[in-house]
Amino acid sequence: MPADESHLSQLPEVEREAGLAVWQHADYRSFLADPAAVSRVAVSPRGVEGFCLARGAADAAEILKLAVRPCRQGEGLGRRLIAALLEAGTARGWSEWSLEVRPSNRRARRFYGGLGFREVGRRRGYYRQPPEDALVLAWTPPESPTGAGR
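Residues numbered from 1 in each chain as written. Predicted model: local features only at pLDDT ≥ 70, side-chain atom pairs only at ≥ 80, totals over all residues. Heavy atoms only, no water.

### Let's talk about the overall build of the chain
Piece 1. In terms of regular secondary structure, the chain is built from four helices and six strands.
Piece 2. For the chain, the N- to C-terminal ordering of α and β elements is α-α-β-β-β-α-β-α-β-β.
Piece 3. Rg of the C-alpha trace for the chain: 15 Å, near the compact-globule value of 15 Å for 150 residues, within the 12% margin.
Piece 4. The burial tally for the chain puts 43% of its 150 residues in the buried class.
Piece 5. Split by element, the accessible area of the chain, about 8100 Å² in all, is 50% carbon and sulfur.
Piece 6. Side-chain charges in the chain split into 22 positive and 18 negative, and the spacing between the mean points of these groups amounts to 5 Å. (Helix = DSSP H or I, 4+ residues; strand = E, 2+ residues; numbered from the N terminus. Rg over C-alpha atoms; globule rule 2.2 N^0.38 Å. Buried < 20%, exposed > 50% of the residue type's maximum accessible area, 1.4 Å probe, protein only. Areas by Shrake-Rupley, 256 points an atom, 1.4 Å probe, with all protein chains shown as cover. Lys, Arg positive; Asp, Glu negative; His and termini not counted. Charge placed at Lys NZ, Arg CZ, Asp CG, Glu CD.)

Encoded structure:
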């Protein structure tokens, strides 16, 4: 399901638990109000278990966030969230997807590689805490005119 106002207070909590950089409350609110934004959230009776966020323009989109509570990692929740996000964005006509990941984050690199993302570039000095470059990963749907994909 898409994220909405009822999830706002839990998104930073999930990020914090997952050890990720946390957006400010205003950033989440702005994201939810953006018509170019797509989100997916996994909710259980305990609350938000994970979420992913993307923003698109024309035919391209960037995955901005993926966070899953550590107690739910390894269950395929992240994979299902990304699959739902890609499906929703592809339905909007987004045929080129990208995201940044730390070269040192081998787990994330394996995860995204298993979904069909491939390395297409590097952003020098992208991360600040701690300082590190970012690898740019890209994905296109299998039926995309570019011929790449999962």
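From this point, things continue past the structure.
### Quick notes on the environment of Val68
Piece 1. Mapped onto the secondary structure, Val68 falls in strand S3 (residues 60-68).
Piece 2. In this structure Val68 comes out as buried when scored by relative accessible area, which is 10%.
Piece 3. Val68 sits 54 residues away from Val14 along the chain, and the two C-alpha atoms are 6.5 Å apart.
Piece 4. What Val68 contacts, discounting residues up to four positions off in sequence, is Val14, Ala18, Glu49, Gly50, Gln73, Leu77, Gly78 and Leu81. (Contact = heavy atoms within 4.5 Å.)

### Observations regarding the pattern of salt bridges
Piece 1. The final tally for this structure, using the stated rule, is twelve salt bridges.
Piece 2. In this structure, Arg72 and Glu75 form a salt bridge, with 2.5 Å as the shortest nitrogen-oxygen distance.
Piece 3. Where Asp133 meets Arg124, a salt bridge forms, and the shortest distance between an N and an O atom there is 2.8 Å.
Piece 4. With a relative accessible area of 17%, Asp133 lands in the buried category.
Piece 5. If you follow the salt bridges from partner to partner, you end up with Arg46, Glu49, Arg72 and Glu75 in one network. (Salt bridge = Lys/Arg side-chain N within 4 Å of Asp/Glu carboxyl O.)

### Let's talk about the sheet that holds strand S1 (residues 37-44)
Piece 1. The six strands lie next to each other as S1-S2-S3-S4-S6-S5, forming an open sheet whose pairing is mixed. The sheet is open, and its two edges are formed by S1 and strand S5 (118-128), each paired on a single side. For this sheet, the mean inter-axis angle between neighbouring strands, taken without regard to orientation, is 25°.
Piece 2. Sheet analysis places strand S2 (residues 47-57) next to S3, joined by eight bridges and oriented antiparallel. Residue pairing across strands places Ala54 opposite Ile63, the latter belonging to S3.
Piece 3. Sheet strands touched by helix H2 (residues 25-33): S1, S2 and S3. Its angle to S2, the strand with the most contacts, is close to 60°.
Piece 4. Of the strands in this sheet, S3, strand S4 (96-101) and strand S6 (131-139) touch helix H4 (residues 106-114), which is tilted by about 165° from S4. (Pairing = 2+ DSSP bridges. Axes fitted to C-alpha atoms, helices over the stretch in contact; angles between N-to-C directions.)

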